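What follows is the residue order along each chain.
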Amino acid sequence: MCGIIGYIGGGDAVKTVYGGLKRLEYRGYDSAGAAFLTDGKIRVYKKQGRVEKLYPLLDGVRSRIGIGHTRWATHGVPSDTNAHPHRAGGIAVVHNGIIENYAALKAELISDGAKFVSDTDSEVIAHLLLKNYNGDLTEALFKTVKLLKGSYALMAICEYEEKIAVARYKSPLILGYGNGENFCASDEPALYGLSEKITVLEDGDLAEITAKSVKIFDKNFKRAERETEPNLAVSASLGLDGCPHYMLKELRETPLSVEATARAFKGVKDKLVSALSGVKRFVFTGCGTAYHAALCGKRYIESFARIPAECETAGEFRYKNPVLGEDTAVIAVSQSGETADTVEAAGLARSLGAKVVAITNSHRSQLTRLADVVVPVAAGPEICVAATKSYTGQIAALYLLAAAVAGEKFYNDCAEKISKTPALISATLESLDMRSLAHICASSSGVYFLGRDLDYAVALEGSLKLKEISYVPGEGYPAGELKHGTLALIDVNTTSVVIITDKVLAEKSENAIEQVLSRGGKVAVITNVNGVRERFSDLPTVVLPECDKYLSPLLAAVAVQLLAYKAAAVLGREIDKPRNLAKSVTVE
Ligand code: F6R
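Quantities reported herein were computed from a predicted structural model and do not represent experimental measurements.

Peer 1: Help me understand the overall build of the chain in this model?
Peer 2: Helix and strand content of the chain: 18 helices and 24 strands. Each principal axis of the C-alpha atoms in the chain carries an extent, and together these give about 80 × 50 × 45 Å. Sorting the 588 residues of the chain into buried and exposed places 60% on the buried side. Considering only contacts within the chain whose residues lie at least 6 apart along the sequence, 71% involve residues at least 24 apart. Summed over all atoms, the accessible surface of the chain reaches about 22,400 Å², with 50% contributed by carbon and sulfur. With 68 positive and 69 negative side-chain charges, the chain shows a separation of 1 Å between the mean positions of the two kinds.

Pasting the structure below:
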């Protein structure tokens, strides 16, 4: 969580740091701040709220060395004081991560006379740097990180030397190279247009950056060599293409995401099949929306390959002392490839001898470095905090993974079927009119998404998306479980959205509709099953094109995502940046 950027060189540090923070804002937007070295003095500028709130404060500031931070609060409320950078004496630092032992460190520093002004865990780092400083900022950082427990990507500057000292452990950090200038940042898009070459630092690494040189050190403070790679960030990450929100733009890119993911899959299929041969059990894992995609993966592998499979959220999986061995494959699903719980779950699986497959939209991330095989999701950059096209891309990748494990002929049939799906998704997007249902949901006291089997996985996603961007409460629930508890919540002020794309289970889900209607609840139906629409012709119904039942989640997904988008628009929410959230959750 949080995004950080640093610049040193002959150019305009203020412009570079501010521009980088704008591109990093998806990582958190509770507050933003920057520190610059100007005329031998460190000056800190910070403000609660979006990065743009920082802009007026930077008017007239001139500097060639600076660090910046956009925050997603963990310790301490969002406020000007808790915003980064934090400083102690002539040293300023920005931090992405969590310092778990900060309370003990803080108590010790206070007893030594340090004065704290914020409620953050990160401020201890500034005081430790000052305490450990003996003429060399990089050495002070090395001594400091030795004392920290938790996760960190750190950048520090000081009044005494013209350099940036950085370090990382379990939070992402890259270096970028220019002509007479160098950069450091949380990710590649932050350096888009600034640096064509980057280095991804490894856990435990430190680096000392000046305008003319970059020195990297390993965890023992020995000089280290790290690969230099091209910066793969693309400009597409910046434009709205005429849409009012990134969410709508990205939702409209779903057909492309599915098509490109299916094309990219061909390049990894053989490697994947050989890595998974002999696997007797699959475990699918991920967080949030990625977990909902993983649920589809479990269902696909069981149905197509008849191999036992489980699915668990990564945050649960990593702490349950899982039973894993060489005959198990763990399929870790993550848009960013940086989600702390998913990365840790994959690392644990690897350490226990399981095969690890990453399904990710980020082709150079902590997750890809851990995986035996990476199955790319080719959704392209996703800026809106709420996942849309990456989710459908993940489902496409999982569908093809399961089909490939099931055998060549099965795979060929599935590849043929999925090649027709982008056109069906486009038709769905063009035909959907969610306006009246969006108004109904926006004015409901609770919205319940119901479904069975794969429709249940989409119901969970529909509910998450609606809650996340519109703040309307509700739940995703298995249609058959409704009568075992949740039915008590149904009244005239609630709406139930029932998803029915499986002919065989249609009748069963129709029972749930009747149960809700007879308690006075409002009901809407999303379906592509003939007969369902006719039977409930007086209810608001969203009709999807007919489609193979295993690919129906791709159509139902865009329907529930669009519904959430429209409901959030009715309520005037800040759709691309919902409150309390961040795109990349790199903390526990
Ligand atoms: C919801 C959403 C989140 C993410 C979750 C995992 O719209 O985007 O629930 O799916 O934080 O993120 P990744 O996929 O990057 O691991």
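Back to the write-up after that little detour.
Peer 1: Would you explain the sheet that holds strand β15 (residues 281-286) in this entry?
Peer 2: By way of backbone hydrogen bonds, the strands of a sheet pair with one another, either parallel or antiparallel. Pairing in this open sheet of five strands is parallel, and the strands run β16-β15-β17-β18-β19 from one edge to the other. Two strands lie at the open edges of the sheet, namely β16 (309-313) and β19 (373-376), each paired on one side alone. Across the sheet, the mean angle separating the axes of adjacent strands is 20° when strand polarity is ignored. Relative to β19, strand β18 (residues 355-360) runs parallel, the two being bridged by four bridges. Looking at the pairing, Val-357 lines up with Val-373 of β19.

Peer 1: What exactly am I supposed to notice about the nonpolar core here?
Peer 2: A general tendency of soluble globular proteins is for nonpolar side chains to be buried together. Within the largest apolar cluster, 93 residues are counted, with the highest numbers of intra-cluster contacts made by Phe-282, Tyr-300 and Leu-401. No other element matches helix α18 (residues 552-570), which puts 13 residues into this core. If we skip the residues at most four places from it in the chain, Leu-401 touches Phe-265, Leu-272, Phe-282, Ile-301, Ile-331, Val-357, Ile-359 and Val-375. Counting residues in hydrophobic clusters, the runner-up holds 28 residues, among them Leu-109, Ile-125, Tyr-133 and Cys-158.

Peer 1: Even after reading the chapter, I still don't get helix α2 (residues 102-111), so can you show me in this structure?
Peer 2: Helical geometry note: an α-helix holds 3.6 residues per turn, so side chains three or four residues apart project in the same direction. Buried residues of α2: Leu-105, Lys-106 and Leu-109, and no others. Looking down the long axis of α2, one finds its buried residues gathered within 100° of arc, a one-sided arrangement. Opposite the buried face of α2, by more than 90 degrees, sit the exposed residues Ala-104 and Ser-111.

Peer 1: What exactly am I supposed to notice about the sheet that holds strand β21 (residues 474-478) here?
Peer 2: Reading across from one edge, β21-β20-β22-β23-β24 is the order of the five strands in this open sheet, with parallel pairing throughout. At either margin of the open sheet sits one strand with a lone partner, and together these are β21 and β24 (541-543). The mean angle between the axes of side-by-side strands here comes to 15°, regardless of whether they run parallel or antiparallel. Where strand β20 (residues 446-451) lies against strand β22 (residues 494-500), five bridges are found, and the strand directions are parallel. Bridge assignment links Phe-449 to a residue of β22, and that residue is Val-497. In this fold α18 packs onto β20, β22, β23 (522-527) and β24, with an angle of close to 160° to the strand it touches most, β22.

Peer 1: Can you walk me through the site of the ligand in this structure?
Peer 2: Close to the ligand lie 15 residues, the nearest being Ser-334, Gln-335, Ser-336, Thr-339 and Glu-468. Contacts to the ligand include Ser-334, whose side-chain N or O atom sits 2.6 Å from an oxygen atom. Side-chain polar atom of Ser-336 to an oxygen atom of the ligand: 2.6 Å apart, as the coordinates give it. For the ligand, the protein covers 90% of the area, taking 410 Å² as the surface of the free molecule. Counting residues per element, the ones that place at least two in the shell around the ligand are α7 (288-305) and α15 (454-470). For the shell around the ligand, the class distribution of residues is seven nonpolar, six polar and two charged.

Peer 1: Looking at this structure, I do not really get unusual backbone geometry. What am I missing?
Peer 2: When glycine is set aside, most residues are seen to have a negative phi, and most peptide bonds are trans. In the segment running from His-84 into Pro-85, the intervening peptide bond is cis, with an omega of -5°. By the element assignment, Pro-85 lies in the loop between β4 (65-71) and β5 (86-88). Phi is positive for Tyr-471, which is not a glycine, with a value near 70°. For Tyr-471, the position within the fold is in the loop between α15 and β21. Of the residues examined, Tyr-471 reaches a relative accessible area of 22% and is grouped as partly exposed.

Peer 1: Just to check I follow, could you spell out the layout of surface pockets for this structure?
Peer 2: Here the largest pocket defines a volume of roughly 980 Å³. As for the largest pocket, its lining consists of 41 residues, of which Tyr-26, Asp-187, Pro-189, Pro-381 and Glu-382 are closest to the centre. When its residues are assigned to classes, the lining of the largest pocket shows 16 nonpolar, eleven polar and 14 charged.

Peer 1: How should the pairing of strand β17 (residues 328-334) be read in this particular structure?
Peer 2: Among the seven residues that make up β17, seven are buried, leaving the element largely enclosed by the rest of the structure. Of the two faces of β17, both are covered, the one formed by Thr-328, Val-330, Ala-332 and Ser-334 as well as the one formed by Ala-329, Ile-331 and Val-333. Relative to β17, β15 runs parallel, the two being bridged by five bridges. Bridge pairing in β17 places Phe-282 opposite Ala-329. The sheet contact formed by β17 and β18 spans six bridges and is parallel. Bridge pairing in β18 places Val-330 opposite Val-356.

Peer 1: It is not clear to me how the state of the cysteines should be interpreted in this structure. Could you clarify?
Peer 2: Put plainly, two cysteines are in a disulfide when a covalent bond ties their sulfur atoms together. Per the stated rule, a full pass over the model turns up zero disulfides. Cys-296 carries a free sulfur, and the closest cysteine sulfur to it, the one in Cys-311, is 9.0 Å from it. Look at Cys-296 and you get buried, because its relative accessible area is 0%.

About the criteria used
- Residues numbered from 1 in each chain as written.
- Predicted model: local features only at pLDDT ≥ 70, side-chain atom pairs only at ≥ 80, totals over all residues.
- Heavy atoms only, no water.
- Helix = DSSP H or I, 4+ residues; strand = E, 2+ residues; numbered from the N terminus.
- Buried < 20%, exposed > 50% of the residue type's maximum accessible area, 1.4 Å probe, protein only.
- Contact = heavy atoms within 4.5 Å.
- Areas by Shrake-Rupley, 256 points an atom, 1.4 Å probe, with all protein chains shown as cover.
- Lys, Arg positive; Asp, Glu negative; His and termini not counted.
- Charge placed at Lys NZ, Arg CZ, Asp CG, Glu CD.
- Pairing = 2+ DSSP bridges.
- Axes fitted to C-alpha atoms, helices over the stretch in contact; angles between N-to-C directions.
- Core = buried A, V, L, I, M, F, W, Y, C linked by side-chain atoms within 4.5 Å.
- Arc of directions from axis to C-beta.
- Near = heavy atom within 4 Å.
- Polar contact = N/O pair within 3.5 Å; in protein donor to acceptor, adjacent residues only side chain to side chain.
- Nonpolar A, V, L, I, M, F, W, Y, C, P; charged D, E, K, R; others polar.
- 1 Å grid on protein atoms, 1.4 Å probe; cavity = no way out; pocket = protein on both sides within 12 Å on 5 of 7 lines; lining within 4 Å.
- Points joined across faces, edges and corners; volume = space filled by probe spheres on them.
- Disulfide = S-S within 2.5 Å.

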